[in-house]
Amino acid sequence: MAKGLKKLSWLQAYASVYMVFLYAPVVLLPIFAFNDSTVIAFPLSGFTTDWFASLRDNAALKSAVSNSLIVAVTTAMISTILGAFAARAGVRYRFPAKRGIMGLILLPLVLPEIIIAVALLVMLMRLGLSLSLWTVIVGHVLVCVPFSIAVLNSAFSGLDQSLEEASFDLGETAWGTFRRVTFPLILPGVISSLLITFTISLDEFIIAFFLTGTDVTLPVYIWSQLRFPAKLPGVMALGTLLLLLTISLLVIAEFFRRRTAQRRGLDASTTEGLI
Amino acid sequence: MPIDAQNEGRKGLLLVSPTFAYAILLLAAPLILVILFSFWTQDYLDLDTTPTLANYKEAWTDPLYRELMLRSLRISVLVTTVTVLTAFPVAYYVSFRVKERKALWLFLITAPFWTSYLLRVFLWKVILGYNGVFNSALLWAGIIDEPLQFILYNVNAVVITLAHAWAPFAILPIFVALEKIDRSLLEAAEDLGDGPVRRFFRVTLPLAIPGVMAATLIVLIPTVGDFITPRLVGGTEGLMISNMIQVQFGKANNAPLGAALAVSSMFIVGGLSLLIFLASRRVGRVAGD
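Calculation notes
- Residues numbered from 1 in each chain as written.
- Chains lettered and ligands numbered in written order.
- Predicted model: local features only at pLDDT ≥ 70, side-chain atom pairs only at ≥ 80, totals over all residues.
- Helix = DSSP H or I, 4+ residues; strand = E, 2+ residues; numbered from the N terminus.
- Buried ≥ 20, exposed ≤ 12 C-beta atoms within 10 Å, placed from the backbone.
- Contact = placed C-beta atoms within 7 Å.
- Nonpolar A, V, L, I, M, F, W, Y, C, P; charged D, E, K, R; others polar.
- pLDDT = per-residue confidence, 0-100.
- Axes fitted to C-alpha atoms, helices over the stretch in contact; angles between N-to-C directions.
- Parallel < 35°, antiparallel > 145°, perpendicular 65-115°, else oblique.
- Left-handed = near helix turned anticlockwise from the far one by under 90°.
- Core = buried A, V, L, I, M, F, W, Y, C linked by C-beta atoms within 7 Å.

A. Quick peek at the overall build of chain B. Within chain B, the secondary structure is distributed over 13 helices and 2 strands. Along the first, second and third principal axes, the C-alpha atoms of chain B reach 75 × 75 × 35 Å. Expressed as a percentage of its 289 residues, the buried residues of chain B come to 42%. For chain B, restricting intrachain contacts to residue pairs at least 6 apart in sequence, the fraction spanning at least 24 positions comes to 73%.

B. Examining the overall build of chain A more closely. A count of helical and extended segments in chain A gives 11 helices and 0 strands. For chain A, the α and β elements follow one another from N to C terminus as α-α-α-α-α-α-α-α-α-α-α. Along the first, second and third principal axes, the C-alpha atoms of chain A reach 70 × 65 × 40 Å. Evaluated residue by residue, chain A yields a buried proportion of 43% over its 275 residues. Within chain A, contacts between residues at least 6 apart in sequence are counted, and of these 78% link residues at least 24 apart.

C. Local environment of the environment of L108 of chain B. Residue and element names in this part refer to chain B. Looking at the element boundaries, L108 is found in helix 4 (residues 102-110). Assessed through the 14 C-beta atoms surrounding it within 10 Å, L108 is described here as partly exposed. Between the C-alpha atoms of L108 and P168, which are 60 residues apart in sequence, the distance is 9.8 Å.

D. Structural view of the interface of chain B and chain A. Taken together, the 66 residues of chain B in the interface contact 65 residues of chain A. Counting residues per element, the ones that place at least two in the side of chain B that touches chain A are helix 1 (5-37), helix 3 (63-97), helix 4, helix 5 (117-128), helix 6 (133-140), helix 10 (196-224), helix 12 (241-249) and helix 13 (255-288) of chain B. When residues in the side of chain B that touches chain A are grouped by element, the largest group, 21 residues, is from helix 1 of chain B. Residue classes in the side of chain B that touches chain A are distributed as 49 nonpolar, 13 polar and 4 charged.

E. Expanded view of the confidence of the model for chain A. Residues and elements named next belong to chain A. Overall, the prediction assigns chain A a mean pLDDT of 84, with 91% of residues at 70 or greater. Across chain A, helix 3 (residues 59-92) holds the top mean pLDDT of 94, while helix 11 (residues 232-265) sits lowest at 78. Note that residues 266-275 has pLDDT below 50 and, in this model, 9 contacts with residues that lie over four places away or in other chains.

F. Highlighting unusual backbone geometry. Residue and element names in this part refer to chain A. Within the chain, A97 stands out as a residue other than glycine whose phi angle is a positive 55°. With respect to the element layout, A97 can be found in the loop between helix 3 and helix 4 (98-106). Assessed through the 13 C-beta atoms surrounding it within 10 Å, A97 is described here as partly exposed.

G. Local environment of the environment of V233 of chain B. All names here are of chain B. Among the structural elements, V233 can be located in helix 11 (residues 228-233). Residue V233 is classed as buried on the basis of its C-beta count, with 27 C-beta atoms lying within 10 Å. Put simply, V233 and L257 are 24 residues apart on the chain and 26 Å apart in space, counted from C-alpha to C-alpha. The contact partners of V233, leaving out residues within four places of it in the chain, are V121, W124, K125, L128, L152, Y153, A157, V158, T161 and G238.

H. Fine view of the confidence of the model for chain B. Of the residues in chain B, 96% have a pLDDT of 70 or more, and the chain-wide mean is 85. Interface confidence in the predicted complex, given as ipTM, is 0.82; pTM for the same model is 0.83.

I. Focus on the packing of helix 3 of chain B against helix 8 (residues 167-180) of chain B. Residues and elements named next belong to chain B. Packing of helix 3 against helix 8 leaves a shortest axis separation of 8 Å and a crossing angle of 45°. Taken together, the axes of helix 3 and helix 8 lie oblique to each other. At the point where helix 3 passes helix 8, the crossing takes the right-handed sense. Contact with helix 3, carried on its side by T83, V84, A87, F88, V90, A91, Y92, V94, S95 and F96, involves A167, A170, I171, I174, F175, L178 and E179 of helix 8 and no other residues of that element.

J. Representation of the nonpolar core in the model. Grouped together as the largest cluster of nonpolar side chains are 162 residues, with contacts concentrated most on A117 and V118 of chain A together with A87, A91, I171 and I174 of chain B. Counting residues per element, this core draws most heavily on helix 6 (residues 133-157) of chain A, at 14 residues. Non-local contacts of A87 of chain B, meaning those with residues more than four positions away in its chain, are made with A167, A170, I171, I174 and A215 of chain B.

K. Just the environment of L68 of chain B, in detail. Residues and elements named next belong to chain B. Along the polypeptide, L68 turns up in helix 3. Assessed through the 22 C-beta atoms surrounding it within 10 Å, L68 is described here as buried. On a C-alpha basis, the gap between L68 and W40 in space is 22 Å, while along the polypeptide they are 28 residues apart. Setting aside chain neighbours within four positions, we find L68 in contact with L239, M240, I241 and M244.

This is how it looks when you write it as C-alpha cells:
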C-alpha cells in the first residue's frame with residue numbers, strides 16, 4: 001500500500017467504519033423506541049408509539065424532568081457567570097499566580113467525576129448539610145465552569161479592546177461600557193456557553209448519583225429504571241426524546257459559536273447595528 | 001489608557017476572584033477533606049478523628065482491593081491504548097485528507113458524545129448481548145452457528161464501550177496537533193527522499209506526539225473513575241476500583257475506607273500520568289532530533 005489513491009481509500013474506508021462504530025448505539029435508540037416489543041433485541045416485531053404515550057402519565061418521570069431542568073438551568077447560569085469572570089481575567093490581564101489559579105479552576109477537566117462527587121459528599125456530611133438539588137448544582141457548576149471558560153475565551157479574545165476604550169473616552173461608565181459594548185459583542189459566546197453547560201448538566205450522572213437527595217434528576221431516574229426489563233422500552237423512548245433535544249441544542253450552540261468567530265472578522269463600524 | 005503592571009495584576013485578581021473562591025471552597029477544600037477523611041475511621045455513624053493508617057493498610061493489603069486496583073489500572077491502560085490507536089487514523093484522515101468539510105466531520109465525531117452516557121453504555125449491552133444486535137447479524141449472515149459469548153460481561157465489553165465513550169476526546173487533541181504541522185516540512189522530507197512511511201515515522205508522528213499524549217491522559221484519567229460501564233457491561237470480572245469506592249460510600253457505609261481507596265487510586269493514576277508525560281517528552285525529543 002504505497003501511494004496515492006489506494007492509500008487514500010484505505011484511510012477513508014477505515015474512517016467510515018469508525019463512524020459506523022460511533023453511531024451504532026445512537027441509531028439503535030429510536031429503533032427500539034418504536035419497536036412493538038418489551039424485549040430489547042432483534043428481530044423487530046412491529047411499529048408502535050405506545051412507549052412514547054406511556055411517558056405522558058408517569059409522575060416519577062415528570063418530577064425527574066422538572067428536577068433536571070431546575071438543576072441544568074441554574075447550573076448553566078452560574079457556571080456561565082463564573083466562567084465569564086475567569087475567561088475575561090485570563091484573556092485580558094496578567095496577574096500573580098495566574099497559572100496556579102487557572103489550573104485549580106480547570107482541574108475538574110482532568111479529575112475523575114467520582115472523586116469530585118466523593119469529595120463534595122464528604123464535605124456535606126461533615127457540615128451536616130442534607131442532600132438536595134442544590135448539592136447537585138454545586139457539583140455540576142464545578143464540572144461546567146471549565147467548558148464555559150473554553151467557549152468564552154474565544155469570545156473575549158476576539159473582542160477588540162479599542163471599542164471599549166472608545167466607549168470610556170466617550171464618557172460611558174464601566175457598567176455602561178459592559179452593558180452597551182462588551183456584552184452585545186460576546187453575546188453569541190454567552191449563549192453558546194449556556195447551551196453547552198445546560199447540556200452537560202442535563203446528562204451528568206455520577207455527581208448527581210452521589211449528591212442527589214430524595215429529588216432525583218433524570219439520569220438518576222433512568223439508572224433506576226435500567227434494572228427493570230419491563231421499563232426499558234419506555235426508557236428508549238425517553239432517550240430518543242433527549243437525543244432530539246440535545247442535538248437541537250448543540251446545533252444552536254454551534255450556530256452561535258460560529259457567529260462569535262465571524263464577529264472577530266468584523267471591523268468597528270459594523271458593530272453599530274448591534275449596540 | 002495605559003495600565004501599569006501592579007494595577008493590572010490587581011484588576012485581574014479581582015476579576016478572577018469569584019470563580020477562584022468557588023474553586024477553593026467547593027473543590028480544593030473538599031479534596032483536602034477527603035485526604036484527611038482517609039486517615040480517620042468510622043464505626044457505623046460514629047466518626048473517630050484520631051489519625052491512623054489503618055484504611056490505607058486495608059486498601060493496599062486486602063487481596064480484593066489490590067486485585068480491583070490492579071485490574072482497574074490494567075483495564076484503563078488497555079482502554080486508553082485501544083482508544084488512542086483506533087482514533088489516530090481518524091484524526092489523521094480528517095486533518096490530511098478531508099479538504100472541504102473539516103468542521104462537519106468534527107461535528108459528526110462529537111455529536112454521539114452528547115447523547116445520554118447511560119443510554120449509550122446500555123445500548124452497547126444491547127449490541128453485544130447473547131441475543132444482541134451483533135450476534136443476530138452474524139447468525140443471520142451465517143458467519144457463526146451459535147451466539148458468541150465472549151463479548152459481553154467481561155473486560156472486552158468494557159474496552160469496547162469505553163473506547164466508544166471516549167472517542168472524541170482522543171480524536172480532537174490528535175487532530176489539533178496534526179493540524180499544527182507545517183505542511184512544508186512534509187514536502188521537505190519528500191524532497192529529501194523519504195517515502196511516505198519513513199516520512200510518517202520521522203516527521204508526522206514525532207510532531208503529533210503532544211496531541212497523542214494529551215489524548216492518552218484525557219482518556220486514562222477519567223476511565224479509572226468510571227463505575228457505570230463496569231457495572232452495566234463488565235460482569236464480575238470487569239468490576240473496577242470505582243465500583244468498590246461507590247460501595248464503601250453507599251451500602252458498606254465505610255466512607256473513610258472509600259476515601260482511602262479514592263485517594264490511592266488518584267495517586268496511582270497521577271503517578272502513571274506523570275510517567276507517560278515524561279516518557280512522551282523523551283520520545284518526542286529523540287524522534288525529533
